[in-house]
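Below, each chain spelled out in residue letters.
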2 protein chains.
Amino acid sequence: MGKDDNFSEWYNDIVEKANLSDKRYPIKGMNVWTPYGWKIMRYVDDLIRKELDATGHDEVCFPLMIPETEFKKEKEHIKGFDSEVYWVTHAGLNELDVRLVIRPTSETAMYPMFSLWVRSHTDLPLKIYQLVNTFRYETKQTRSFIRVREIHFFESHTCHATEKDAQEQVEEDLVILEKIMERLCIPYSLMVRTEWDKFPGAYYTVGLDTAMPNGRMLQIGSIHHYRTNFSIPYNITYEDTDGEHKNVHQTTYGMSERLVGAMIGVHGDDKGLILPPPVAPVQVVIIPILSKGNADAVIKKAAAIERTLKDSGIRAKLDLRDERPGSKFFDWEIKGVPLRLEIGMRDIDNNVVTFARRDSGEKGTISSDDIVPGVEMILELIRKNMYDKAWKIQKENVVSVDSVKDLPERTLRFGWCGSEECGHRFEDENDLKLLGTPYIKEGFEGKCIVCGRHTDKVAYASRSM
Amino acid sequence: MGKDDNFSEWYNDIVEKANLSDKRYPIKGMNVWTPYGWKIMRYVDDLIRKELDATGHDEVCFPLMIPETEFKKEKEHIKGFDSEVYWVTHAGLNELDVRLVIRPTSETAMYPMFSLWVRSHTDLPLKIYQLVNTFRYETKQTRSFIRVREIHFFESHTCHATEKDAQEQVEEDLVILEKIMERLCIPYSLMVRTEWDKFPGAYYTVGLDTAMPNGRMLQIGSIHHYRTNFSIPYNITYEDTDGEHKNVHQTTYGMSERLVGAMIGVHGDDKGLILPPPVAPVQVVIIPILSKGNADAVIKKAAAIERTLKDSGIRAKLDLRDERPGSKFFDWEIKGVPLRLEIGMRDIDNNVVTFARRDSGEKGTISSDDIVPGVEMILELIRKNMYDKAWKIQKENVVSVDSVKDLPERTLRFGWCGSEECGHRFEDENDLKLLGTPYIKEGFEGKCIVCGRHTDKVAYASRSM
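For every chain, the first residue of the written sequence is number 1, and numbering continues from 1 onward in sequence order. Here chains are named by letter from A upward and ligands by number from 1 upward, in the order in which they appear as written. Two thresholds apply to this predicted model, a pLDDT of at least 70 for residue-level local features and 80 or more for giving and counting side-chain atom pairs, whereas whole-chain, interface and lining totals are computed over all residues. The basis for every side-chain value is the complete set of heavy atoms in the structure, and neither hydrogens nor water enter the calculation.

A. Summary view of the sheet that holds strand S11 (residues 217–227) of chain A. Residue and element names in this part refer to chain A. At least two DSSP bridges between two strands are required for those strands to pair. The secondary structure listing takes helices from DSSP runs of H or I that are at least 4 residues long and strands from runs of E that are at least 2 residues long, numbered from the N terminus. Pairing in this open sheet of 11 strands is mixed, and the strands run S3-S7-S8-S14-S11-S10-S9-S22-S25-S21-S20 from one edge to the other. Single-partner strands in this sheet number two, and they are strand S3 (58–59) and strand S20 (398–400). For S20 and strand S21 (residues 411–415), the ladder comprises 3 bridges, and the chain directions are parallel. What sits directly across from Val399, in S21, is Leu412.

B. Here's a closer look at the side chain of His160 of chain B. Take His160 of chain B: it is sitting in strand S8 (residues 150–160). Whether two residues are in contact is decided by their heavy atoms, any of which lying within 4.5 Å being enough. Setting aside chain neighbours within four positions, we find His160 of chain B in contact with Leu124, Pro125, Asp165, Ala166, Gln169, Val248, His249 and Thr251 of chain B.

C. Here's a closer look at the sheet that holds strand S16 (residues 316–318) of chain A. All names here are of chain A. Strand order across the open sheet formed by 5 strands is S16-S15-S17-S18-S19, with mixed pairing between neighbours. Each edge of the open sheet carries a strand with a single partner, namely S16 and strand S19 (363–367). Here the strands of the sheet are splayed against their neighbours by 30 degrees on average, with no regard to which way each runs. Here strand S15 (residues 284–289) pairs with strand S17 (residues 339–344) via 6 bridges, running parallel. The partner of Pro288 across the bridge, within S17, is Ile343. The strands touched by helix H8 (residues 295–311) are S15, S16, S17 and strand S18 (352–357); relative to S15, the strand with the most contacts, the crossing angle is about 170 degrees. Lying over the sheet, helix H9 (residues 325–335) contacts S15, S16 and S17, oriented at roughly 170 degrees with respect to S15. In this analysis, axes come from line fits to C-alpha atoms, helices being fitted only over the stretch in contact, and the angle between any two N-to-C directions falls in the range 0 to 180 degrees.

D. Spotlight on the pattern of salt bridges. Whenever Lys or Arg places a side-chain nitrogen within 4 Å of a carboxyl oxygen from Asp or Glu, that contact is recorded as a salt bridge. In the structure shown here, the tally under the stated rule is 76 salt bridges over all chains. The partner of Arg42 of chain A in a salt bridge is Glu59 of chain B, with the nearest N and O atoms 3.4 Å apart. Taken as a pair, Arg42 of chain A in helix H2 (residues 35–54) and Glu59 of chain B in strand S3 (residues 58–59) lie in two separate chains rather than in one. With a relative accessible area of 18%, Arg42 of chain A lands in the buried category. Here Glu380 of chain B ties to Arg383 of chain B by a salt bridge, and the two come within 2.9 Å at their closest N and O atoms. Note that Glu380 of chain B and Arg383 of chain B are positioned in helix H11 (residues 371–396) at a spacing of 3 residues, about one turn of the helix. With a 1.4 Å probe rolled over the protein chains alone, any residue whose accessible area is under 20% of its type maximum counts as buried; one over 50% counts as exposed, and the rest are partly exposed. Given a relative accessible area of 37%, Glu380 of chain B falls into the partly exposed group.

E. Representation of the pairing of strand S21 (residues 411–415) of chain B. All names here are of chain B. Within S21, 5 of the 5 residues are buried, leaving the element largely enclosed by the surrounding structure. The sheet contact formed by S21 and strand S25 (residues 458–462) spans 4 bridges and is antiparallel. What sits directly across from Gly415, in S25, is Val458.

F. Main features of the domain arrangement of chain A. A domain assignment, automatic or from a database, supplies the domain bounds used here. Segmenting chain A into domains produces domain 1 (7–267), domain 2 (282–378) and domain 3 (398–462). A separation of 50 Å is found between the C-alpha centroids of domain 2 of chain A and domain 3 of chain A.

G. How the structure looks around the relation of the copies chain B and chain A. Superposing the copies works by least squares over the C-alpha atoms of residues that have pLDDT at least 70 in both of them. For the pair chain B and chain A, the superposition axis carries a translation of 0.0 Å, the fit reaches an RMSD of 0.0 Å, and the rotation angle comes to 180 degrees. Look at the turn and shift together and you get a two-fold axis relating the two. The rotation axis passes nearest to the C-alpha of Val88 of chain B in chain B, at a distance of 2.1 Å. A shared interface surface links the copies, since 100% of the contact residues of chain B are contact residues in chain A too.

H. Just the confidence of the model for chain A, in detail. Across chain A, the average pLDDT comes to 96, with 100% of residues at 70 or higher. Predicted complex metrics record ipTM = 0.96 and pTM = 0.97. Looking at any residue, its pLDDT shows the predictor's confidence there, from 0 to 100.

I. Spotlight on the packing of aromatic side chains. Residue and element names in this part refer to chain A. The criterion for an aromatic pair is that two Phe, Tyr or Trp rings (for Trp, the six-membered ring) have centres within 6.5 Å, with stacked assigned to planes under 30 degrees apart, edge-to-face to planes over 60 apart and tilted to the rest. Inspection of the entire model under this criterion finds 40 aromatic pairs over all chains. Both rings, one in Tyr387 and one in Trp391, keep their centres 6.3 Å apart while their planes meet at 70 degrees; by these two values the pair is edge-to-face. Within this pair, Tyr387 and its partner Trp391 are both found in helix H11 (residues 371–396), separated by 4 residues, close to a single helical turn. Look at Tyr387 and you get buried, because its relative accessible area is 10%. For Trp391, a relative accessible area of 22% puts it in the partly exposed group. Taken together, Phe62, Phe81, Tyr111, Phe114, Trp117, Phe199, Tyr226, Phe230 and Tyr234 form an aromatic cluster joined through their ring pairs. Sitting above the plane of the Tyr43 ring, Arg315 keeps its charged end 3.7 Å from the centroid. Distance and angle both matter: a charge sits over a ring if NZ of Lys or CZ of Arg is within 6 Å of the ring centre and within 35 degrees of the ring normal.

Structure follows, in structure tokens:
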């Protein structure tokens, strides 16, 4: 498995070897979440729920199917999704009068209801979210977690009295983002997407991108400000304090199972997966090192340590399989378990436990008396190190360029006059994707990389995954 | 709201007033889970997860769509579902070569994969489950949680080496059932369904039924033993210790959002919902009783009690709305909050908190010093009382009859010779549904209610919801 030689092959290999997903399901791009992969996804979901609940979002669950009549109310939106939705046309033995779309995203399912739910300014802000699967008829080559046809994701949808309130929601979304990413150890950049790449129907879109080891950027989520673009066709209005009826301003926010794909790509190495401790199904694996005549004592001690760790809420697992320790190390390294503990007779005699970190390979010992705080501290060090290291790579991946000659396979930063013409030309002639302009403004003085006109705008581009 | 006068109207009314579900979504029978309703469902899901995980089931997530070619492999199965599945025929702008079924249940999605996953006797038992939504094109009148077209449910699927091992799984399922029902306070009967009513493709089906206040039985779930009926067409085989390849024996187990419908129907009263404490989003509501000059002290004390309860993991909510206490009582009674605490100046002076139980109306006081154990004890008493009371009603609803004259609107118990002919005649002539024969055998000597022949078999019937 060579991560640096052939990222794409390495990625597919690791998904299979760690048994995260089974892509042999008889529909291409609709994969089976295996127990190990699904556990990771569920820990990610739990983090998302925690942050959204803490910021006053209510979890709901909307129907999967959307009548064609509702789906077509916002013109840009339907244009954007026309070629990639699944259609239910028959039910039982009948042909349906109105065809049903399988949700590609839930604006058009939710907004007819929002128009019933929102009546007065006292109903605002309305902040809801759901964790569901969504469906896109992907025609490009599929890849587990990264490009699939059934996508696990969360989507939050909010309604506000004013454009400014909606803008403040975008800012809150960024705080939520940071809290989630700290736990997943995934760095990100915030790019305002180009007009031709924004979400269909949005006023603007902020793309959340993470650099993969092959230099390409993976969009892991997005935040959209809709202004009143949807509330007008869906008639979502509120009565203001002055008795006037106004359209609400809306935002949405979503991230998908690509978070799992990003964790695999950002953290993994040639030995396998490396999981951030907050979402590792097994955080600590305990391997007894047996030698003749001491097996019972060692297993007893190892079991006691497993019990102690579990009682403190640490996801520990004692591996008692009848295999050599080296073979067990190998298996758990593939699975990405962040911390390995080894216990042999010598450790018992010294009242310590030997540890090995999956992220750095560092080894050492922890006093048996301090096993819980010791393990907690090392798991936190691992998390911090994984996040710092990933941010370093994310930043180093950016290269400032001022000409289109010999562009490296990295994230490119350059002057752009902002015209669609130059933007399209840049993308087409270099086979690159404009990621957009930084959401957090960056000072710049220079020339447009295409037309050469002076500009104070900076843009980013990369090949996309 | 008259539960006893018109159950059906009362039920619909309570779902709307407690805001559990919004049925104004533009597809009939596909309802929106509102925040309150979805929270209850999620607590139910958590209970289910806990019990399934504890018995060695692994959670997975299989794709929603099933190719028609896979769906049609088991003949009885497709016959049973032909008239009630949704078909995806188009994707994007293309007509699909192979039509896709939206899962009505996941046998035909999972079993092609099981045939890859199971190789050897060491892979057995395979025990997995998922919590997903499933779809049935229901043509009868729909009703929130009870008869809908998008159904939230769990389904567990197991593979075993022998028929006996599969039978032991059915027994384990019944233990899991009891643990879940104790928490939801829902009584149930176990009926082996008739041959013409069993799950399409099953060897036998055990229906789990709960009596509704109108005397009708609501099926809340089912357990199926498949023998090798699916493993033969789906080619799920294992190599036994003797090197021989054999088909696995399978079981499934499922319960749906009808659990929420059953809780509403079994426990609610004319004031509204009564929620079992383990799944109540708000377990304890705290109402400050303010009078002139003491508002600050009372609110401070009430907030301190809320904090203390929350810190102990009790879902407490302090209601500080600017409304009269009586109006707050009314609102929380509709929502079914199991325990109300009232705090006024007199309570503070006496160092107590006044409580009112939602289930019995009983009032009393708890010492402020024992607030956590006091509240925990009362919540447990409420749970126990709700479960006992519900079981009493479930049992009293059964009436033994020996003639079809003047049948009461209850669950009927009677002799049945076991012939399909008598069974069908009984159902058709009395407009009743045969629930089946007891899974736990009951001694009986008497006559078949239809043909009069002597029989030692007893059967049950009722109108169905």
